[in-house]
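Next come the chains, spelled out residue by residue.
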Amino acid sequence: MGLTGLQIFKLLPKTNCGECGVPTCMAFAMALANAKASLDQCPYVSDEAKEQLDAAAAPPIRKVTLGAGEFTRAMGDETELFRHDKRFFNETVVAVMVDDTEDVAAKAEAFDKKVYERVGLTFYTDALAIVNASGDAGKFKAAVEAAMGKTDRILVLCSEDADAMAAALDAAADRKPLICSATAANFDKMVELATSKGCPLAVKGADIAETVELAQKAAAAGAKDLVLDSGSRQPSQTVADLTQIRRNALKRTKGFGFPAMAVVTSEGDMDQVVEAVSYMSNYAALIALRADDDALLLPLLSWRQNLYTDPQKPIAVEPGLKEVGDVTPDSPVYTTTNFSLTYYIVEGEVEASKKPSYILAVDTDGISVLTGFAAGKFTGETIAAAIKETGLEDKVNHRNIVIPGGVAVISGKLEDASGWKALVGPREASGIPKFVRENF
Ligand code: SF4
């Protein structure tokens, strides 16, 4: 709730009538503070107190949803400054920018095909940001329509010309694009467009102070789904602004409680990725960048994937016996842990060896080979137990199992516990294809 029991008590009627199910208003206030009661249980709370309590119960950073249909993304609704205190929840929206002077249809078609797989999960770039570089309303609208014909993903409409934005929204409002941006110069018209079309709105000031002032004005005018753009296009200042916005939002400082965005301005390919990673790691809910090459986007999205996992829960695959290719009773058997990253790297290399094989993923609670070994979860005994549990002995007509080279020391115990022969494989999974050529 964000308020203490005493602060809530001050807003209650203090008649101790007991109708809420507890004998006193103080007891009810304590229950509310601990989220064990709901405000509507008290029939006598005033509208004014209700408003204050509802505001205190709202998340410190408003949840703003972009897009419609299959492709929607939530931004904001975060509660932490430091990821290790709990976790970050709503992944940074990555928007690839395209100018309305370019071949937008071709770019949107290529953008729509960007789908990546990593550690068993599928992800893609979320949004296409169409920039009104021409300064022409007709061209902007045509570019937005061309993009809509090629992709269903989220759109970000970038123009500070309210007439151009109105034209584009005539075509795209149903997609609930982000309107980018309301400034001091176009404020009234942009806010009117956002409220009448029901679309989220970015507000951009000359600096963070003006941005927050505009956000408060926009919220008062009825545009609640806002995104803050501090106006900075200089990386270190942008990082400082993003951090200040998050800190103030969590302190519930007025005007800061919205997701924040950043625009990547570096020109070099790798520089763009580094700049984008800096913003992503410092609380940007949306970043817009020009880079659209898979080799640049994949590392960026991989970074995002890592940043938004729960730091207290390693990402794991289901433990058990996995088949890679059309296995036969003669197929080799490898073992590794059920830490996703390790498992999928091993699986990829086994696949690359072109020899159908089994992989025994031992349950280590999702931790890696060496950590699992150190924690007593990836040992001769646990591998022997997994061999039994999975019925591996009935699947193959040999008794050889390849263990990671980094834990060669467990060979003896594994052989004693299982009766299988331990073949010490390479230290790194990348050595598997060579190992296969030399041994199978
Ligand atoms: Fe107090 Fe309201 Fe509960 Fe009555 S119903 S005891 S006024 S909190």
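Criteria and thresholds
- Residues numbered from 1 in each chain as written.
- Predicted model: local features only at pLDDT ≥ 70, side-chain atom pairs only at ≥ 80, totals over all residues.
- Heavy atoms only, no water.
- Axes fitted to C-alpha atoms, helices over the stretch in contact; angles between N-to-C directions.
- Helix = DSSP H or I, 4+ residues; strand = E, 2+ residues; numbered from the N terminus.
- Parallel < 35°, antiparallel > 145°, perpendicular 65-115°, else oblique.
- Left-handed = near helix turned anticlockwise from the far one by under 90°.
- Contact = heavy atoms within 4.5 Å.
- Nonpolar A, V, L, I, M, F, W, Y, C, P; charged D, E, K, R; others polar.
- Expected span 1.5 Å × (residues − 1).
- Buried < 20%, exposed > 50% of the residue type's maximum accessible area, 1.4 Å probe, protein only.
- Arc of directions from axis to C-beta.
- Domains from an automatic or database assignment.
- Core = buried A, V, L, I, M, F, W, Y, C linked by side-chain atoms within 4.5 Å.
- Pairing = 2+ DSSP bridges.
- Near = heavy atom within 4 Å.
- Polar contact = N/O pair within 3.5 Å; in protein donor to acceptor, adjacent residues only side chain to side chain.
- Disulfide = S-S within 2.5 Å.

In this section: the packing of helix α9 (residues 235–250) against helix α10 (residues 269–281). At their nearest, the axes of α9 and α10 sit 9 Å apart, and the two run at 15 degrees to each other. Relative to α10, the element α9 is oriented roughly parallel. The two elements α9 and α10 cross, and the hand of that crossing is right-handed. Contacts between α9 and α10 pair Pro235, Thr238, Val239 and Leu242 from the former with Glu275, Ser278 and Tyr279 from the latter. Counted by class, the contact of α9 with α10 contains 4 nonpolar, 2 polar and 1 charged residues.

Along an α-helix, residues three or four positions apart point the same way, because every turn accommodates 3.6 residues. For helix α12 (residues 340–352), with 13 residues, the first-to-last C-alpha span of 18 Å sits near the 18 Å given by 1.5 Å per residue. All buried positions along α12 are accounted for by Ser340, Thr342, Tyr343, Val346 and Val350. Angularly, the buried residues of α12 cover 165 degrees about the axis, an arc narrow enough to put them on a single face. The inward-facing, buried residues of α12 contact β13 (320–324), β14 (333–337), β15 (357–362), α13 (369–374) and α17 (432–439). Just beyond α12, the residue with positive phi is Lys354, at close to 60 degrees.

So, on to the domain arrangement of the protein. Here the protein is partitioned into domain 1 (5–57), domain 2 (64–307) and domain 3 (320–439). The distance between the C-alpha centroids of domain 1 and domain 3 comes to 58 Å.

Moving on, we come to the nonpolar core. The biggest cluster of nonpolar side chains holds 67 residues, and the ones touching the most others in it are Ile130, Leu201, Val203, Leu226 and Ile287. For this core, the element with the highest residue contribution is helix α8 (residues 208–220), accounting for 6 residues. Among the nonpolar cores identified, the runner-up in size contains 22 residues, and Val93, Ile154, Val263 and Ala285 belong to it.

Let us now look at the sheet that holds strand β9 (residues 201–204). One open sheet holds the 8 strands; their spatial order is β10-β9-β8-β7-β6-β3-β12-β11, and the pairing between them is parallel. In this open sheet, the two strands that pair with only one neighbour each are β10 (226–229) and β11 (261–263). Sheet twist, expressed as the average angle between the axes of neighbouring strands with direction ignored, equals 25 degrees. Where β11 meets strand β12 (residues 286–289), 3 bridges bridge the pair, whose relative direction is parallel. Bridging from a neighbouring strand, Met261 pairs with Leu286 of β12.

Glancing now at the site of the ligand. Residues in contact with the ligand, as listed here, are Pro13, Thr15, Asn16, Cys17, Gly18, Glu19, Cys20, Cys25, Phe28, Cys42 and Pro43. When the residues that make up the shell around the ligand are grouped by side-chain class, the tally is 7 nonpolar, 3 polar and 1 charged.

As a further point, take the environment of Asn306. Examined against the element boundaries, Asn306 turns out to sit in helix α11 (residues 294–307). Contacts of Asn306, omitting those with residues within four sequence positions, involve Arg83 and Arg118.

Okay, the pairing of strand β5 (residues 121–124) next. When strand β4 (residues 115–118) meets β5, the two strands line up antiparallel, connected through 4 bridges. By the bridge assignment, Arg118 is partnered in β5 with Leu121. Taking the residues between adjacent antiparallel strands as the criterion, β4 and β5 are bridged by 2 residues, where Val119 takes a positive phi near 40 degrees.

Time to look at the side chain of Thr151. Within the element layout of this structure, Thr151 appears in the loop between α5 (137–148) and β7 (154–158). Residue Thr151 is classed as buried on the basis of its relative accessible area of 1%. One polar contact links Thr151 to Asp112, side chain to side chain, over a distance of 2.6 Å. Residues in contact with Thr151, not counting those within four places in the same chain, are Ala108, Phe111, Asp112, Leu128 and Arg175.

By the definition in use, this model includes 0 disulfides. Just so you know, Cys158 is unpaired, no disulfide at all, and the nearest cysteine sulfur is the one on Cys180, 4.6 Å from it. Its relative accessible area of 17% is what places Cys158 among the buried residues.

Following the sequence through the fold, Gly138 ends up in helix α5. Under the relative-accessibility criterion, Gly138 is labelled partly exposed at 48%.

Looking at the element boundaries, Ser181 is found in strand β8 (residues 178–182). Overall, the relative accessible area of 4% leaves Ser181 in the buried class. With residues up to four places along the chain from it excluded, the contact list for Ser181 reads Ser159, Glu160, Asn186, Met190, Ala202, Lys204 and Asp229.

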